[in-house]
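Structural overview
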Amino acid sequence: MVHVSSACIVEEEWISLGKFEDFTDIPSKVGSQWYISGTALGELNPGDRSQQDRGPTLSEAESQSEWADVQKKIIPWGHNTPESDLELVFQDRAAKLGKSISRLIVVASLIDKPTNLGGLCRTCEVFGAAVLVVGSLQRVSDRQFQHLSVSAEQWLPLVEVRPAQLMDYLQQKKAEGYTVIGVEQMARSSDLAQYRFPDKSLLLLGNEREGIPANLIQQLDMCVEIPQQGVIRSLNVHVSGALLIWEYTRQQLLKCAEPAC
Ligand code: SAH
């Protein structure tokens, strides 16, 4: 969980007072709450990595300067939320997510590397996939997984299906009306640019070295491939998954923009 200080700044963005010593007359030993600096901080030049939001009073010339746009540092649950209320905020968020139920299942049981799994977990959470299927739930406690997932596993349903159980799992999902889509370069795969995803889509990603094994290829309803231009044989598996997850999400967003939705 990310901690928010009483100043509503995410902990990792907090700058200690000592860092300002070189630029201001604030002595580091003085308590920050009580010291009023004689330095006009506004006269200091911001560096390339910082900029000031001067609100809507910018002149036309100023607003066309290279700083006309700013990076958003999003805290999904909003600013000014006391830590004690975060639980309620997350309950509310879960309820909202429940209303727009995603039907996308991402199956990553064949993936070996914790970095790929962790990154995929983050991507699935960001785009609201219904569930991420992993070969073992123990993978989640791996440090490399957690480094890449940035806590996404806490907000995304994870299900364990071991590689040996995948055949049965895919058959079960087909019986539930899911289209089982292999993400793989195959002789007869469809081009991602042309493919229209069904609402109930299941993506099966391949192993980093071996891809999707032949016995599971038999189970696929279809296979989708990302067209490549370069000389390298294939994409990284997390990148491949992310591109298909985004394309599914994009198509769902377009559907929801239609009047009938
Ligand atoms: N068949 C590959 C396997 C390695 S890539 C090979 O032997 O070179 C690992 C996984 O990334 C694949 O199984 C697939 O799920 C995905 N992948 C990589 N490049 C892809 C592409 N261009 N289109 C679709 N999936 C891809």
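Residues numbered from 1 in each chain as written. Predicted model: local features only at pLDDT ≥ 70, side-chain atom pairs only at ≥ 80, totals over all residues. Heavy atoms only, no water.

Let's talk about the overall build of the protein
Counting secondary structure elements, the protein contains seven helices and seven strands. Starting at the N terminus and walking to the C terminus, you meet the elements of the protein as α-α-β-α-β-α-β-α-β-β-β-α-β-α. Split into buried and exposed, the 261 residues of the protein put 33% on the buried side. By sequence separation, contacts in the protein at least 24 residues apart represent 71% of the contacts at least 6 residues apart. Looking at the protein as shown, the accessible area adds up to about 17,600 Å², and 52% of this sits on carbon and sulfur atoms. (Helix = DSSP H or I, 4+ residues; strand = E, 2+ residues; numbered from the N terminus. Buried < 20%, exposed > 50% of the residue type's maximum accessible area, 1.4 Å probe, protein only. Contact = heavy atoms within 4.5 Å. Areas by Shrake-Rupley, 256 points an atom, 1.4 Å probe, with all protein chains shown as cover.)

Notes on the site of the ligand
Neighbouring residues of the ligand: 18 residues in total, closest Val183, Glu184, Ile226, Gln228 and Arg233. Leucine 235 has a polar backbone atom sitting 3.0 Å from a nitrogen atom of the ligand. Between the ligand and serine 240, the relevant distance is 3.1 Å, taken from a nitrogen atom to a side-chain nitrogen or oxygen of the residue. When the free accessible area of the ligand is taken as 550 Å², the share hidden by the protein chains comes to 92%. Elements represented by at least two residues in the shell around the ligand include exactly β7 (222-225) and α7 (237-257). Grouping the constituent residues of the shell around the ligand by class yields six nonpolar, seven polar and five charged. (Near = heavy atom within 4 Å. Polar contact = N/O pair within 3.5 Å; in protein donor to acceptor, adjacent residues only side chain to side chain. Nonpolar A, V, L, I, M, F, W, Y, C, P; charged D, E, K, R; others polar.)

Examining the pattern of salt bridges
Evaluated as defined, the whole model comprises five salt bridges. Here glutamate 176 and lysine 173 are joined by a salt bridge, their closest N and O atoms 2.8 Å apart. (Salt bridge = Lys/Arg side-chain N within 4 Å of Asp/Glu carboxyl O.)

Focus: the packing of aromatic side chains
Here a ring pair, both rings aromatic, is described through the centre-centre distance and the interplanar angle of the planes. Per the stated rule, a full pass over the model turns up three aromatic pairs. With 5.6 Å between their ring centres and 45 degrees between their planes, phenylalanine 127 and tryptophan 246 make a pair best called tilted. Taken together, the positions of phenylalanine 127 in the loop between α3 (114-126) and β2 (131-134) and tryptophan 246 in helix α7 put the pair 119 residues apart, joining distant regions of the chain. Residue class for phenylalanine 127 comes out partly exposed when judged on its relative accessible area of 31%. Taking the centre distance of 4.9 Å and the plane angle of 80 degrees together, the rings of tyrosine 195 and phenylalanine 197 count as edge-to-face. A residue is classified by how much of its surface remains accessible, and tyrosine 195, at 8% relative accessible area, is buried. Relative accessible area serves as the criterion here: at 3%, phenylalanine 197 is assigned to the buried category. Feature note: the residues Tyr195, Phe197 and Tyr248 constitute an aromatic cluster, connected by ring pairs. (Phe/Tyr/Trp six-rings, centres within 6.5 Å; stacked < 30°, edge-to-face > 60°.)

Quick look at the nonpolar core
With 29 residues, the main nonpolar core has Val106, Leu120, Cys124, Leu132, Phe197, Leu203 and Leu244 as its most contacted residues. Mapped by element, the contributors of at least two residues to this core are β1 (104-107), α3, β2, β4 (179-183), β6 (201-205) and α7. If near-sequence neighbours (up to four positions away) are discounted, leucine 244 is found in contact with Val183, Leu192, Phe197, Leu203, Val224 and Ile226. Residues Val133, Val161, Ile212 and Cys223 belong to the second largest nonpolar core, which totals 17 residues. (Core = buried A, V, L, I, M, F, W, Y, C linked by side-chain atoms within 4.5 Å.)

Examining the state of the cysteines
In total, this model carries zero disulfides according to the counting rule given. Cysteine 124 supplies the cysteine sulfur nearest to cysteine 121, a cysteine that is in no disulfide, at a spacing of 7.0 Å. In this structure cysteine 124 comes out as buried when scored by relative accessible area, which is 0%. (Disulfide = S-S within 2.5 Å.)

Examining helix α5 (residues 166-175)
Every buried residue of α5 is listed here: Leu166, Tyr169, Leu170 and Lys173. Buried residues of α5 fall within an arc of 95 degrees about the axis and therefore sit on the same side. Seen from the open side of α5, the exposed residues pointing more than 90 degrees away from its buried face are Asp168 and Ala175. Along its buried surface, α5 packs onto β1, β2, β4, β6 and α6 (214-217). Once α5 finishes, glycine 177 follows within two positions and takes phi at roughly 95 degrees, a positive value. (Arc of directions from axis to C-beta.)

As far as function goes, none of this settles anything; it's purely spatial.
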